[in-house]
Amino acid sequence: MNHDPYTYVTLTLAQAKATRLDVSFHTSDIWIRASVIDQRRPYLTFSTSEAQVSFSTTGLGPVTDGDLATARTIFKAAARYLADCERLHAQQPATGQTAA
């Protein structure tokens, strides 16, 4: 099985359905940045050379209770991702490659 890094982007346009965009990053060659624009609007961006996904506040406006809830969900999911990566990495051979 090929385990080379890649980014997968799909756009689905279907009549009578909402347009859907899916972006999957399957690489460690990713840039993640968080900052604040104009001292009022935080953002979070995930980028590779092939695609970028950015998150910011509702309507690009002031931070809402919903924005706080979303940020907490992202934080919890990232912590879980880190814990899973650390656990699985520790179970792999010392080369960092997955077991056959």
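Residues numbered from 1 in each chain as written. Predicted model: local features only at pLDDT ≥ 70, side-chain atom pairs only at ≥ 80, totals over all residues. Heavy atoms only, no water.

**Q** Explain the packing of aromatic side chains residue by residue, including any values.
**A** Applying the stated criterion across every chain yields a total of one aromatic pair. Pairing Phe46 with Phe55 gives two aromatic rings, centres 6.1 Å apart and planes at 85 degrees, and the pair type is edge-to-face. Classification of Phe55 as partly exposed rests on a relative accessible area of 37%. (Phe/Tyr/Trp six-rings, centres within 6.5 Å; stacked < 30°, edge-to-face > 60°. Buried < 20%, exposed > 50% of the residue type's maximum accessible area, 1.4 Å probe, protein only.)

**Q** Can you break down the environment of Ser47 residue by residue, with the values?
**A** Relative to the assigned elements, Ser47 resides in strand E4 (residues 41-47). Residues Ser47 and Lys76 lie 29 residues apart in sequence; the distance between their C-alpha atoms is 20 Å. When neighbours within four sequence positions are excluded, Ser47 is seen to be in contact with Phe25, Asp29, Ile30, Trp31 and Gln52. Among the polar contacts listed, one links the side chain of Ser47 to the side chain of Gln52, at a separation of 3.3 Å. (Helix = DSSP H or I, 4+ residues; strand = E, 2+ residues; numbered from the N terminus. Contact = heavy atoms within 4.5 Å. Polar contact = N/O pair within 3.5 Å; in protein donor to acceptor, adjacent residues only side chain to side chain.)

**Q** Describe the confidence of the model for the chain, with residues and values.
**A** Counting all residues, the mean pLDDT for the chain is 90, and 93% of those residues have values of 70 or more. No element of the chain has a lower mean pLDDT than strand E1 (residues 6-12), at 90, and none a higher one than helix H1 (residues 65-91), at 97. (pLDDT = per-residue confidence, 0-100.)

**Q** Please set out H1 residue by residue, giving values where relevant.
**A** Owing to its 3.6 residues per turn, the α-helix aligns residues three or four sequence positions apart on the same side. Taking 1.5 Å of rise per residue, 27 residues should cover 39 Å, and H1 covers 39 Å from first to last C-alpha, within 8% of that figure. With a side-chain oxygen lying 3.3 Å from the backbone nitrogen of Gly66, the N-terminal cap of H1 falls on Thr64. (Expected span 1.5 Å × (residues − 1).)

**Q** Before we move on, can you summarise the environment of Pro62 with the specific residues and values?
**A** Checked against the element boundaries, Pro62 lands in the loop between strand E5 (52-56) and H1. Sequence-wise, Pro62 and Arg40 are 22 residues apart; in three dimensions their C-alpha atoms are separated by 6.4 Å. Sequence-distant contacts of Pro62, that is, excluding residues within four places in its chain, are made with Arg40, Thr57 and Asp67.

**Q** Describe the sheet that holds E4, and please don't skip the residues or the numbers.
**A** The strand order E3-E4-E5 describes an open sheet built from three strands, whose pairing is antiparallel. In the strand order of this sheet, the two ends are held by strand E3 (31-37) and E5, each with one partner. When strand polarity is set aside, the average angle formed by the axes of neighbouring strands in this sheet is 15 degrees. With five bridges connecting them, E4 and E5 associate as antiparallel partners. Opposite Phe46, over in E5, you have Val53 as the bridge partner. (Pairing = 2+ DSSP bridges. Axes fitted to C-alpha atoms, helices over the stretch in contact; angles between N-to-C directions.)

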